[in-house]
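# Descriptive structure summary
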Amino acid sequence: MQKLALVGLGASGLFALKELAGADVEVHVFDVGPTYEKRYACPIDQGKLEVCPPKACSYCAPGQSAGSWNDFKVILSASPVIGGRLYDLIGEQELQKRLDIVRSTILTHAPCEIPVVKPNAEDLEWIKKRATMAGMVYHYQELLHCGSDNAPAINTSILEEIKAKGPNIIFHWDSKVLSVSRRSEHFALTFDRYRKPGEEQEDIFDYCIISVGRGGAAWLTQQEFYKALDIYPGQVDIGIRVETSSYFTEEVDKRFYEPKLYYRSKHSNDVVRNFCSNPKGFVTPENHREYVLVNGHSKMYEKSENNNFAVLVSKTFTRPFKDPQMYSQTIAKIVNMLAGGGPLVQRLGDLRAGRRTKSLTNNLIKPTLEAECGDISLAYPHRILEGIVEYLDALDKICPGVAGESTLLYAPECKSYPDSISVNKNMETNVPNLFIVGDSSSWTRGVGQAATSGILAGEGVRQKLKTAVPSKIVAVAK
Ligand SMILES: Cc1cc2nc3c(=O)[nH]c(=O)nc-3n(C[C@H](O)[C@H](O)[C@H](O)COP(=O)(O)OP(=O)(O)OC[C@H]3O[C@@H](n4cnc5c(N)ncnc54)[C@H](O)[C@@H]3O)c2cc1C
């Protein structure tokens, strides 16, 4: 029997595996994390810790697929701008078909009823009119919000179904893949235990699916085959996590949960967008060991009085600059340096007035994350902050109060994406039998499309097993 290595069992890896369960190939799954049953929720969210440990725990860093365990919001509509770029690769219909599989899989395995958030015609008219008058563009989306509290049950149940259908699958938990290199037409993998290394092993495979997420993007660039790939520098999003009263956003929240509103900065022409809204949610640290970012999440049962969401400015760079990830990480590290090691928080009124926030006592908005008060403008480029403030002023026309003095801005909220890798419609690279899926391919930016890319790769491998004819590279990343 031929052998396949699946490196990383996050959102994309899980759906690739689902596709390969019972196929005529021996699948070896490697993940640095412990078995799904042993993966746990953030100790801060559980009230066990107050601040992030100095080293990232497995909640944010490699060891756990963050988005399918944290908040677990799944975008279900095939959009050209939201959740990734698979729309450009496979078109609307094919993308929607796979997203529907993701939807039904999650709903089948959910321990309780999870409503699909789908705006009706009246709500669409409501938002289109207000967005247009505010100078913003609304992008349609349907989504599922599973909540951090339902995530373990859903993921574990999907995996149990896969195991039941897949005697061809061998799991290597707590195993870090150290290297993947081409050996004639095969792939040589070296791997070792993640937590207590010292037993390095090597194995040879016919196929390889790499699904290491954004956390594994740097590792990917170190691999032997990387230079042979057709690649293009990725994008970065530099932004702020905004926390405001959920009273200001409730009209929008109850209709859409998270309306995607895009804005073009008058000052710089940069595209500014919202991302990851968490009505009645919590701001949370995202610990990457060398720097700490902010993020947000919400739960099905426990609620706050606030809403938090990210406002991001997207940047791509041209020659000679080639390291957008280093750019965003450097900004994050400067913020952390000013804050004494963690995130900074500033009132919007203080940012506008050009002064540091010294205290949040008596501030209208009570923070859900304890962060150091300070001045974000000492670390962020002016053009980025200007775009964010312009965005909030526009949003204030739809959600009055959002751009008030007391609104809290947390930094750093930076997202860097790996280099774009050219793939065919089944996520196979120009190296035959090497598939790169999910966020590590840079074609996806969220659970829905990451899972979709996994399905595509699984289908591609199944096809190859049937025909044994190598597929042609048909799409090139722009
Ligand atoms: C805090 C946070 C919250 C998020 N919330 C959401 C959300 O609500 N909705 C949403 O759509 N998106 C969310 N995202 C984004 C989402 O997590 C990703 O888009 C999605 O998980 C990408 O899936 P993936 O399979 O590409 O990678 P991942 O899900 O990150 O999985 C990668 C897997 O590879 C493993 N791995 C990495 N390197 C190695 C190696 N060398 N050897 C072995 N295993 C390895 C990791 O342990 C991990 O299990 C969030 C991201 C973060 C950080």
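The written sequence of each chain sets the order in which its residues are numbered from 1. Only residues with pLDDT of at least 70 are given local features in this predicted model, and only at 80 or more are side-chain atom pairs given and counted; all residues enter the totals for whole chains, interfaces and linings.

We count a stretch as a helix when DSSP gives it H or I for four or more residues in a row; a strand needs E for two or more, and each element gets its number in order from the N terminus. Tallying secondary structure elements over the chain gives ten helices and 23 strands in all. Two things to know: the radius of gyration comes from C-alpha atoms, and the globule rule equals 2.2 Å times the number of residues to the power 0.38. Relative to the compact-globule value of 23 Å for 478 residues, the chain shows a C-alpha radius of gyration of 22 Å, a close match. Reported as C-alpha extents along the three principal axes, the dimensions of the chain are approximately 65 × 50 × 45 Å. When burial is assessed residue by residue, the chain has 50% of its 478 residues classed as buried. Put simply, a residue is buried when 20 or more other C-beta atoms lie within 10 Å of its own C-beta and exposed when 12 or fewer do; between those, it is partly exposed, and each C-beta is set from the backbone.

Quick look at the domain arrangement of the chain now. Each assigned domain of the chain is listed with its residue range as follows: domain 1 (3–111 + 147–232 + 419–467) and domain 2 (235–416). Each of domain 1 and domain 2 has a C-alpha centre, and the two are 28 Å apart. An automatic or database domain assignment supplies the start and end points of every domain.

At least two bridges found by DSSP between two strands is the condition for calling them paired. Read from one edge of the open sheet, three strands run β8-β9-β10, paired in antiparallel fashion. The sheet is open, and its two edges are formed by β8 (175–183) and β10 (201–205), each paired on a single side. Sheet twist, expressed as the average angle between the axes of neighbouring strands with direction ignored, equals 25°. Taken together, the five bridges between strand β9 (residues 186–193) and β10 define a ladder with antiparallel strand orientation. When the sheet's bridge partners are listed, Leu189 is paired in β10 with Asp203. To get an axis, fit a line to the C-alpha atoms, keeping to the stretch in contact for a helix; angles then go from 0 to 180 degrees between the N-to-C directions.

For Glu370, the location among the structural elements is in the loop between α8 (348–353) and β20 (372–373). Residue classification places Glu370 among the partly exposed residues on the basis of 14 C-beta atoms within 10 Å. Counting along the chain gives 25 residues from Glu370 to Val345, while the straight-line C-alpha distance between them is 8.6 Å.

Attention shifts here to the packing of helix α2 (residues 86–109) against helix α10 (residues 447–467). Following both chains from N to C, one finds α2 and α10 inclined at 95°, their axes separated by 9 Å at the closest point. For the element pair α2 / α10, the angle class is roughly perpendicular. Across the interface between the two elements, Leu86, Leu95, Arg98, Leu99, Ile101 and Val102 from α2 touch Gly448, Gln449, Ala451, Thr452, Ser453, Ile455 and Leu456 from α10. The residue inventory of the contact of α2 with α10, partitioned by class, reads eight nonpolar, four polar and one charged. In these notes the angle categories are as follows: under 35 degrees is roughly parallel, over 145 is roughly antiparallel, 65 to 115 is roughly perpendicular, and the rest is oblique. Any two residues are considered in contact once their C-beta atoms, placed from the backbone, lie within 7 Å. For this scheme, ten residues count as nonpolar: Ala, Val, Leu, Ile, Met, Phe, Trp, Tyr, Cys and Pro. Four count as charged, namely Asp, Glu, Lys and Arg, and the remainder, Gly too, count as polar.

Per residue, pLDDT measures the predictor's confidence, with a range of 0 to 100. With 93% of its residues at a pLDDT of at least 70, the chain reaches an overall mean of 90. Between residues 470–478, whose pLDDT stays under 50, and residues either more than four places distant or in other chains, the model counts 21 contacts.

Moving on: the pairing of strand β16 (residues 282–287). Most of β16 sits inside the fold, with six of its six residues counted as buried. Burial of β16 is two-sided: the residues Phe282, Thr284 and Glu286 facing one way and the residues Val283, Pro285 and Asn287 facing the other way are all buried. As defined by bridge partners, β16 adjoins strand β17 (residues 292–297) across six bridges and the pair is classed as antiparallel. Across the sheet, Pro285 pairs through a bridge with Val294, a residue of β17. Counted along the chain from β16 to the antiparallel partner β17, the turn is four residues long, and its residue Arg289 has a positive phi close to 70°.

This next bit is on unusual backbone geometry. Here the amide bond leading from Ala411 into Pro412 is cis, since omega sits at 0°, within 30 degrees of zero. Residue placement: Pro412 occurs in strand β21 (residues 408–416). Residues other than glycine seldom take positive phi values, yet Asp174 does so here, at roughly 50°. Looking at the secondary structure, you find Asp174 in the loop between β7 (169–172) and β8. Exposure remark for Asp174: the 18 C-beta atoms within 10 Å place this residue in the partly exposed category. Not every positive phi belongs to a glycine, and Asn269 is a case in point at roughly 70°. Relative to the helices and strands, Asn269 is located in the loop between β14 (260–264) and β15 (271–279).

Read across the sheet, eight strands follow the order β5-β14-β15-β18-β13-β21-β19-β20 without closing on themselves; strand pairing throughout is mixed. Both outer strands of the open sheet, β5 (137–139) and β20, are each paired with one neighbouring strand and no more. Both β14 and β15 contribute to a ladder of three bridges, which runs antiparallel. Paired with Tyr263 across the bridge in β15 is Val272.

With that out of the way, let us pick up α10. The end-to-end C-alpha distance of α10 is 30 Å, a good match for the 30 Å that 21 residues give at a rise of 1.5 Å each. The buried fraction of α10 amounts to 15 of the 21 residues, a majority that puts the element mostly inside the structure. Each residue after the first adds 1.5 Å to the expected span of a helix.

Okay, the environment of Ala151 next. Within the secondary structure layout, Ala151 lies in helix α4 (residues 151–165). Of the residues examined, Ala151 has 22 C-beta atoms within 10 Å and is grouped as buried. The contact partners of Ala151, leaving out residues within four places of it in the chain, are Ser68, Trp69, Phe72 and Cys146.

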